[in-house]
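Structural features, examined
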Amino acid sequence: MPRMESEQRVVTANGTTQAVRVAGPPDGTPVLLIHGNCSSSLFWEPLLRRLPPTLRVVAPDLRGYGDSATAPVNATRGLRDFADDIAALLDDPTLFASGSGLPVVVGHSLGGGVAMRLLVDHPHRVGALLLAAPVSPYGFGGTRDLTGTPTTPDFAGTGAGTANPDFVARLAAGDRDADAPASPRAVLRATYVADPASLGVDEELLLDSVLSTATGDDNYPGTAVPSANWPGTAPGERGVLNALAPTWFRIADELVAVAPKPPVTWVRGDADVIVSDTSLFDLAYLGSLGVVPGWPGEESCPPQPMVGQTRAVLERYAAAGGAYREVVLPGCGHSPHLERPAEFVAELLALTGVPAV
């Protein structure tokens, strides 16, 4: 089978310059890949090599990542800045040929939230959703139960103030060190995957992708405001981590109500430490471990049940006339397409209707 090869293009859409990785014939079965936080379209390259060449794959760099413009992220719009950029690409005839059908939209982590937002805002333009370790429909952190009840009124302990400043500084400096625990390479190895060996020969390429993240108040991580509630910080109105915070990103009810309802496949690893009911990036869970001092206890500040929330919302989606399936990969971490590519490709092709080869 010929190997799928990608090329990068630069387009202007939604008033900003977007770098877009494309592969396959323009009239091929359309697939749209949306990467996660602290990565870029390069994160999909290992997957592209495994896809049949009859697909038309479009993988943009989100604003502030990869080679796209470092446009600001208005956190008060949730993830809509990203979704609006993506929606504008659907209108570019050089990316998707007219009449080729609705794309299967694949979203990883933050990209899963962008994919949900895209579906809610443009339901007639999405053929199916493949959510890979997606952010909860109730945002990241700061909620206590399966219905997304806020832990505190200001969602303290979420947003930009939760970022590790050493990691942010090393990200900005382009640090490729392997020894410091907060170095981008160490974080990539320890949290993006369950087994760093799964990065294989692509580790440098994937690290390049992580290091392409634009840092600052308008991008990663964003701005923070003081809070009277533990741990003393709450989301601001600018930047990526605030756009993910439940203050601004709470899409559960809209997702359940969307019409029409395309099929949804949710793929996750049971060893994910980022999107998890015991997430190492949830300050409430870290507080319960004694890592963040002053935790007020389980009753006041329980860890967010991220996986349980997503399941509960997708069950409501199905009860309202949609269809979804949950695929759990044993021993897999936060990046199923890197760690379990054969299973991931099978799920993607099942949604496209293209036979496996």
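Please read these numbers as outputs of a predicted model, since none were measured by experiment. (Residues numbered from 1 in each chain as written. Predicted model: local features only at pLDDT ≥ 70, side-chain atom pairs only at ≥ 80, totals over all residues. Heavy atoms only, no water.)

1. A closer look at helix α5 (residues 184-192)
Since there are 3.6 residues in each turn of an α-helix, residues three or four apart along the chain are aligned in direction. Among the 9 residues of α5, 7 are classified as buried, and the element is accordingly described as predominantly covered. All of the buried residues in α5 are P184, R185, A186, V187, L188, T191 and Y192. On its buried side, α5 packs onto α4 (165-173), α6 (203-211) and α11 (336-339). (Buried < 20%, exposed > 50% of the residue type's maximum accessible area, 1.4 Å probe, protein only. Helix = DSSP H or I, 4+ residues; strand = E, 2+ residues; numbered from the N terminus. Contact = heavy atoms within 4.5 Å.)

2. Some words on the layout of surface pockets
Taken as a whole, the largest pocket holds about 940 Å³ of empty space. Lining of the largest pocket is provided by 40 residues; of these, T162, N164, Y220, L280 and F281 occupy positions nearest its centre. Top contributing element to the lining of the largest pocket by residue count: α5, with 5 residues. A per-class count over the lining of the largest pocket returns 24 nonpolar, 15 polar and 1 charged. (1 Å grid on protein atoms, 1.4 Å probe; cavity = no way out; pocket = protein on both sides within 12 Å on 5 of 7 lines; lining within 4 Å. Points joined across faces, edges and corners; volume = space filled by probe spheres on them. Nonpolar A, V, L, I, M, F, W, Y, C, P; charged D, E, K, R; others polar.)

3. A few points about the pattern of salt bridges
Applying the stated rule across the entire model yields 24 salt bridges. One salt bridge in this structure joins R80 and D121, with 2.9 Å as the shortest N-O distance. Taken as a pair, R80 in helix α2 (residues 80-89) and D121 in helix α3 (residues 110-121) lie far apart in primary sequence, 41 residues in all. We note a salt bridge from R268 to E326, for which the minimum N-O separation is 2.8 Å. Of the two residues, R268 sits in strand β11 (residues 264-269) while E326 sits in strand β12 (residues 324-329), which places them 58 residues apart along the sequence. Its relative accessible area of 24% is what places E326 among the partly exposed residues. The network of salt bridges with common partners includes R176, R185, R189, E203, E204 and D208. (Salt bridge = Lys/Arg side-chain N within 4 Å of Asp/Glu carboxyl O.)

4. A look at empty space enclosed by the protein
This structure, assessed with the given rule, holds 1 cavity of 30 Å³ or more. Its boundaries defined by the atoms lining it, the largest cavity holds a volume of some 60 Å³. Residue lining of the largest cavity: G142, T151, T152, A156, G157, W230, D282, L283, A284, C301 and P302, and that is the complete set. Grouping the constituent residues of the lining of the largest cavity by class yields 6 nonpolar, 4 polar and 1 charged.

5. Points about the pairing of strand β4 (residues 55-60)
The buried fraction of β4 amounts to 6 of the 6 residues, a majority that puts the element mostly inside the structure. Burial along β4 is two-sided: L55, V57 and A59 facing one way and R56, V58 and P60 facing the other are all buried. Pairing between strand β2 (residues 16-23) and β4: 4 bridges, direction antiparallel. Paired with V22 across the two strands is V58, which belongs to β4. Of the strand pairs in this sheet, strand β3 (residues 29-34) and β4 are connected by 4 bridges, and their pairing is parallel. (Pairing = 2+ DSSP bridges.)

6. Structural notes on the pairing of strand β1 (residues 6-13)
When β1 meets β2, the two strands line up antiparallel, connected through 8 bridges. Across the sheet, the residue bridging to T12 is T17, located in β2. In this structure, the hairpin formed by β1 and β2 is closed by a connection of 2 residues, where N14 is found at a positive phi of approximately 55°.

7. Observations concerning the nonpolar core
In terms of nonpolar packing, the biggest core is built from 71 residues, with L32 and F82 touching the most fellow members. Among the elements that take part in this core, α3 stands out by supplying 7 residues, more than any other. Excluding residues that lie within four positions of it along the chain, L32 makes contacts with V58, P60, I86, L90, F96, P103, V104, V105, V106 and L118. Among the nonpolar cores identified, the runner-up in size contains 26 residues, and L48, L55, V104 and L351 belong to it. (Core = buried A, V, L, I, M, F, W, Y, C linked by side-chain atoms within 4.5 Å.)

8. As for the sheet that holds β11
Spatially, β1-β2-β4-β3-β5-β6-β11-β12 is the arrangement adopted by the 8 strands of the open sheet, whose pairing is mixed. Only two strands of the sheet have a single neighbouring strand rather than two, namely β1 and β12. For this sheet, the mean angle separating the axes of adjacent strands, direction not counted, is 20°. Along the sheet, α2 contacts β1, β2, β3 and β4; its crossing angle with β2, the most-contacted strand, is approximately 60°. The strands touched by helix α12 (residues 341-352) within the sheet are β3, β4, β5 (104-108), β6 (128-132), β11 and β12, with β6 carrying the most contacts at an inclination of about 165°. (Axes fitted to C-alpha atoms, helices over the stretch in contact; angles between N-to-C directions.)

9. As for the side chain of S335
Along the polypeptide, S335 turns up in the loop between β12 and α11. You can call S335 buried: its relative accessible area is 0%. At 2.8 Å, the side chain of S335 and the backbone oxygen of Y192 are in polar contact. Beyond its immediate stretch of four places on either side in the chain, S335 contacts F43, H108, Y192 and V193. (Polar contact = N/O pair within 3.5 Å; in protein donor to acceptor, adjacent residues only side chain to side chain.)

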